[in-house]
Amino acid sequence: MAWHTRSLEEIYDELETNEAGLDRETADERRATFGRNEIIGDHGRGPVQILLAQFSSALIWVLLVAAALSFAIGHVVDAVLIAIILLLNGGFGFVQEYRAEQSLDALREMATPEVTVRRSGNSEEIDSTALVPGDIILVEQGDVVPADARLVEITDLEIDEAALTGESVPVTKTTTAATAEAPLAERQNMVYKGTNVTRGRAVAVVVEIGMETEVGEIATALISAEDSRTPLQRDLDRLGRRLGFAVVVLSALVVSLLLAGGRGLLQASLTAVSLAVAAVPEGLPAVVTLTLALGVRRMADENVLVRTLPAVEALGAVDVVCTDKTGTLTEGEMRVQTAWVHDQVVGIDEESDDDRLDLLYEIGAVCNDATADEGDPTERALVMAAADRGIDVATRRADRPRRDEVPFSAERKRMATVHDDVVYVKGAPSVVLERATRVLGPEGPVELDTETRSQISNQVEELAEDALRVLGFAYKNRNDGGEPEDTLVFVGLQGLLDPPRTEVREAIADTHRAGIDVKMITGDNAVTARAIASEVGIESDVVTGQEIEEMDEETLRECVAEVNVFARAEPTHKVRILEMLQANGAAVAMTGDGVNDAPALKNADVGIAMGIRGTDVAKQASDIVLLDDNYASIRTAIQRGRTIFDNIWKFVAYLLSANAAEVAVVFFASLFGYLILPAVQLLWINLLTDGLPALALGTDPGGDVMDRAPRDQSAGIIDTEMLGFVSGAGLTATVLLLGVMFYTLEGASAVTPYAMTMVFTGLVIFEFVKLYVVRWTKGTPALSNPWLVAAVGASLALQLAVLYTPLNQYFGTVPLGVTDWALLGVVLLVATPILMMIGWLVRRHAARKHATT
């Protein structure tokens, strides 16, 4: 119901109430009908949900089937090792995400506010959840508004509605009915659940509670929203399904070929299991999880709390960032930017010895009820500006004790304080100017003629065009007689702004350079939105929420592709903008801190909430929380996400090329009737080469990741470059290692332990060479990662242990001599330049693709 358009009499009739409030019996009856005044929504994921999520991908299920098959045919060691890998992967992911959820819990505000309510004409304190429609509530400075309510009486009332509307300046309220077309931010006769009273006090009649409030409607949208899956999650699921299908087909083919060649069912089954073990990348889920977790730990040190591991990589894939203005691009606090005295404009950082400026700032600080830390944001800004000028505010207030005051109100638009010898006045420039007869010039007060009035009015307009909130200041000597606020001496103006963060412009320039569009969506008016956007480097026309309302889907899709600044946006507008961007194929990150941001945060590909200014609802709806509320941290997180994706690409390419070689060697050897690599050796190769070395790849430093366009998500992680590398490197390894097999068999009809050991060891050291080639392919310097050097050294030591210690009896290997190592060295000398050529071709193709993106 459009409560803001109706008169108080109509509302009282509709709700069957009056200024005395409801009696207890009626309130109890309504509570039974309407329920409690609380928001019911998603309160976070529990431990069981987090744990089950670790085992939800298709790849995990393929591995579980491989473990079951290994166990069924008696390969208990293989089954146990696969199970251990899966448990470690699930356990590590669970611990990381559970910790993030606990960190988020620590950020939440759990208190339920009390509220003063009139019951049968008497005031009493009750729990805010007990409110019902028709209750008369009393709120004052410092209170949180407990429900949506229509104002009945007000005294100097201002409400901070930034959490709901995005409006950076507290809203001055009235009791006058608003028009039906008024957006939420302009319904000045209403107060809304969850907003804060920054000044004054009020009596209001509750019109909506719980899920029917504006906040409740947002909560409803959150409940109905589905969590989106990241590109990496989709890629790994697709990979798991394809591998599962390939394993079934290859295993069936091998069994059929071996049975047709006269081999027994047992040998054919063993070969098929070996092939399945070789084809399935057991280490991939664990390495992906650990690499993402390493990124999460680094990002935590950079003030970015990641709630779900895949969000790290997803952030690196976005091509649009939709950001709120207040507290995200700006500091979230008002600051005096400019001062004007007759014939002189002085920036806050400029030096001037003009005494008129001292008086201007003194009036702002003394005709004021705030301190630097508490009170109305605008008044706090005036106090801080005076302090920056070198004025001791406490001393000035003590020297000029307040004898009387005429408080600020929406109707008066000004405030006056009366002191022993002077009256200080501040307020809307036009109102203060109207009551002034003189202006303070360089030599003292002079007559305020028509030309000077026009000059001052023009100056106000110029400051307003720069998105400044302008206040006028004046004084009057008490011995001049008359009313306190008449025949004033106009002193000057102060222009205030919620200023952009100093590092935001550079951060946005970096994201633009990375091929990412930045779109600002704010509840502020169009003038402020345009000015702030221009200052931080977002150049665009401005479209308002009202204009969005009038657009059909096709028009809006075209609009969001071209326009980067949206003003007077309400929650439904933000979600529509997001949906149209996604309909255009964009991967969207949504940043925000208010309740109004929550639906968009929930539906975005990556939702990024502010940790300091952010509301509980916004944090709960997000994937990532910025602990320092600093937009520059988003740039760092995007860079980290892209680096992580590059590292994942490297070890997936490395891993799949290794598995391709293993599968091909086992498959072609089986065509000749040889079981060249038993399952235990294949699993060892996967653990050894895909374990520590692949994990160390996750710590590779990033390169020029912010100097290229976002990756094509439709291509998936297994893109044309990876397919080229995997097929080329896999073929090279297969041909050379089959040559080693036939050379060492020397015509034997069965595989000898010696031949098996040569192929087994050849695959291991071949993978270590390929590891450095795949890093070179992505432009990573060879010795830039000491962890990788250590991992390769440790893995080689473990391989030697399998060859030269009693462990060889479990792996079916024999010690190798000097000539055997020399033969393997020759094979690597042949393979290395071929692999380098493959890597060079992949780099060249990728460079051409990025150049045309």
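Residues numbered from 1 in each chain as written. Predicted model: local features only at pLDDT ≥ 70, side-chain atom pairs only at ≥ 80, totals over all residues. Heavy atoms only, no water.

Caption draft 1: Molecular detail of the overall build of the protein. Looking only at helices and strands, one finds 31 helices and 24 strands in the protein. Considering the protein as a whole, with its 853 residues, one finds that 56% of them fall into the buried category. Of the contacts made within the protein by residues no fewer than 6 positions apart, 73% connect residues no fewer than 24 positions apart. Of the roughly 34800 Å² of accessible surface on the protein, 55% is carried by carbon and sulfur atoms. (Helix = DSSP H or I, 4+ residues; strand = E, 2+ residues; numbered from the N terminus. Buried < 20%, exposed > 50% of the residue type's maximum accessible area, 1.4 Å probe, protein only. Contact = heavy atoms within 4.5 Å. Areas by Shrake-Rupley, 256 points an atom, 1.4 Å probe, with all protein chains shown as cover.)

Caption draft 2: Helix H20 (residues 553-562), seen in detail. Listed in full, the buried residues belonging to H20 are Leu556, Cys559 and Val560. When H20 is viewed along its axis, its buried side chains cluster within an angular range of 95° and face the same direction. (Arc of directions from axis to C-beta.)

Caption draft 3: Examining helix H29 (residues 786-804) more closely. When the terminal C-alpha atoms of H29 are compared, their 27 Å separation across 19 residues agrees well with the 27 Å that a helix rising 1.5 Å per residue should span. If you check which residues of H29 are buried, you get Leu788, Ala791, Val792, Ser795, Gln799, Ala801, Val802 and Leu803. A side-chain oxygen of the first residue of H29 lies 3.1 Å from the backbone nitrogen of tryptophan 787; this N-cap is asparagine 785. (Expected span 1.5 Å × (residues − 1). Polar contact = N/O pair within 3.5 Å; in protein donor to acceptor, adjacent residues only side chain to side chain.)

Caption draft 4: How the structure looks around the packing of helix H17 (residues 504-513) against helix H24 (residues 631-671). In the contact formed by H17 and H24, the axes pass within 8 Å of each other and the chain directions differ by 30°. The angle between H17 and H24 falls in the class roughly parallel. At the point where H17 passes H24, the crossing takes the left-handed sense. Touching Val504, Glu506, Ala507, Ile508, Asp510 and Thr511 of H17 are Tyr631, Ala632, Arg635 and Ile638, all from H24. Looking at side-chain class alone, the contact of H17 with H24 contains six nonpolar, one polar and three charged residues. (Axes fitted to C-alpha atoms, helices over the stretch in contact; angles between N-to-C directions. Parallel < 35°, antiparallel > 145°, perpendicular 65-115°, else oblique. Left-handed = near helix turned anticlockwise from the far one by under 90°. Nonpolar A, V, L, I, M, F, W, Y, C, P; charged D, E, K, R; others polar.)

Caption draft 5: Inspection of the pairing of strand E15 (residues 436-441) at higher detail. Note: E15 against strand E18 (residues 488-497), three bridges, orientation parallel. Its bridge partner being in E18, alanine 436 is matched across the sheet by leucine 488. Sheet topology places E15 next to strand E16 (residues 444-447); four bridges connect them, and they run antiparallel. Residue pairing across strands places glycine 441 opposite glycine 444, the latter belonging to E16. What sits between E15 and E16 in their antiparallel hairpin is a turn of two residues. (Pairing = 2+ DSSP bridges.)

Caption draft 6: Looking closely at the environment of glutamate 562. Locating glutamate 562 in the fold gives a position in helix H20. Taking the relative accessible area as the measure of exposure, glutamate 562 reaches 63% and is therefore exposed. Along the sequence, glutamate 562 and aspartate 541 sit 21 residues apart, while their C-alpha atoms lie 8.8 Å from each other.

Caption draft 7: Representation of the sheet that holds strand E19 (residues 517-521). If you walk across this open sheet you meet the eight strands as E8-E24-E23-E22-E9-E19-E21-E20, and the pairing is mixed. Whereas interior strands pair on both sides, the edge strands pair on one side only; in this sheet they are strand E8 (304-306) and strand E20 (542-544). Strand after strand, the sheet turns through a mean of 20° between neighbouring axes, direction not considered. Where H24 meets the sheet, its contacts fall on E8, strand E9 (320-323), E19, strand E22 (588-592), strand E23 (606-610) and strand E24 (624-626), and the angle it forms with E9 comes to roughly 160°.

Caption draft 8: Summary view of a nonpolar patch on the surface. A contiguous nonpolar surface patch, about 540 Å² in accessible area, is contributed by Leu253, Leu257, Phe668, Leu671, Phe672 and Phe742. At the level of secondary structure, the elements contributing two or more residues to the nonpolar patch comprise helix H8 (231-260) and H24. Residue position: phenylalanine 668 is located in helix H24. (Patch = residues over 30% accessible without salt bridge, like charges linked within 9 Å, V, L, I, M, F, W, Y side chains within 5 Å. Salt bridge = Lys/Arg side-chain N within 4 Å of Asp/Glu carboxyl O.)

Caption draft 9: Local environment of the nonpolar core. Core analysis: the largest hydrophobic core is formed by 127 residues, its most contacted members being Phe490, Ile538, Ile624 and Tyr631. It is H24 that provides the largest number of residues to this core, a total of 19 residues. Core analysis: the second largest hydrophobic core is formed by 43 residues, Val205, Cys322, Ala609 and Ala621 among them. (Core = buried A, V, L, I, M, F, W, Y, C linked by side-chain atoms within 4.5 Å.)

Caption draft 10: Highlighting the packing of H24 against helix H27 (residues 720-745). H27 packs onto H24 with a crossing angle of 40° between their chain directions and a minimal axis gap of 8 Å. Crossing geometry of H24 relative to H27 is assigned as right-handed. Contacts between H24 and H27 involve Trp649, Val652, Ala653, Leu656, Ser657, Ala660, Ala661, Ala664, Val665, Phe668 and Ala669 from the first element and Glu721, Met722, Phe725, Val726, Ala729, Gly730, Ala733, Thr734, Leu737, Leu738 and Met741 from the second. Of the residues assigned to the contact of H24 with H27, the class counts are 18 nonpolar, three polar and one charged.

Caption draft 11: Quick look at the pattern of salt bridges. Using the criterion set out here, one finds 31 salt bridges in the structure. For lysine 325, the salt bridge is made with aspartate 524, and the minimal N-O distance between the two is 2.6 Å. With lysine 325 in the loop between E9 and strand E10 (335-341) and aspartate 524 in the loop between E19 and helix H18 (526-536), this residue pair connects regions lying 199 residues apart in the sequence. The class of aspartate 524 is buried, set by a relative accessible area of 1%. Between aspartate 700 and arginine 775 there is a salt bridge, with its nearest N and O atoms 2.9 Å apart. Of this pair, aspartate 700 sits in the loop between helix H26 (692-697) and H27 while arginine 775 sits in helix H28 (residues 753-777); the two residues are 75 residues apart in sequence, bridging distant segments of the chain. Here aspartate 700 and arginine 775 have matching classes, each one buried. Ionic contacts of the salt-bridge type, sharing partners, join the residues Glu158, Arg199, Glu379 and Lys426 into one network.

Caption draft 12: Quick look at the packing of aromatic side chains. The tally for this structure, following the rule as stated, stands at three aromatic pairs. A centroid spacing of 5.2 Å and a plane angle of 85° characterise the contact between phenylalanine 672 and phenylalanine 742, whose relative ring orientation is edge-to-face. In this pair, phenylalanine 672 is assigned in the loop between H24 and helix H25 (679-690) and phenylalanine 742 in helix H27, connecting sequence segments 70 residues apart. When its relative accessible area of 52% is taken as the criterion, phenylalanine 672 is described as exposed. Sitting over the ring of tryptophan 649, lysine 778 keeps its end group 4.5 Å from the ring centre. Over the ring of tryptophan 776 we find arginine 843, and its NZ or CZ is 4.7 Å from the ring centre. (Phe/Tyr/Trp six-rings, centres within 6.5 Å; stacked < 30°, edge-to-face > 60°. Lys NZ or Arg CZ within 6 Å of the ring centre and 35° of its normal.)

Caption draft 13: Fine view of a negative patch on the surface. A surface patch of negative charge is lined by Asp552, Glu553, Glu554, Glu558, Glu562 and Glu579. Tracing the backbone through its elements, the reader meets glutamate 558 in helix H20. (Lys, Arg positive; Asp, Glu negative; His and termini not counted. Charge placed at Lys NZ, Arg CZ, Asp CG, Glu CD.)

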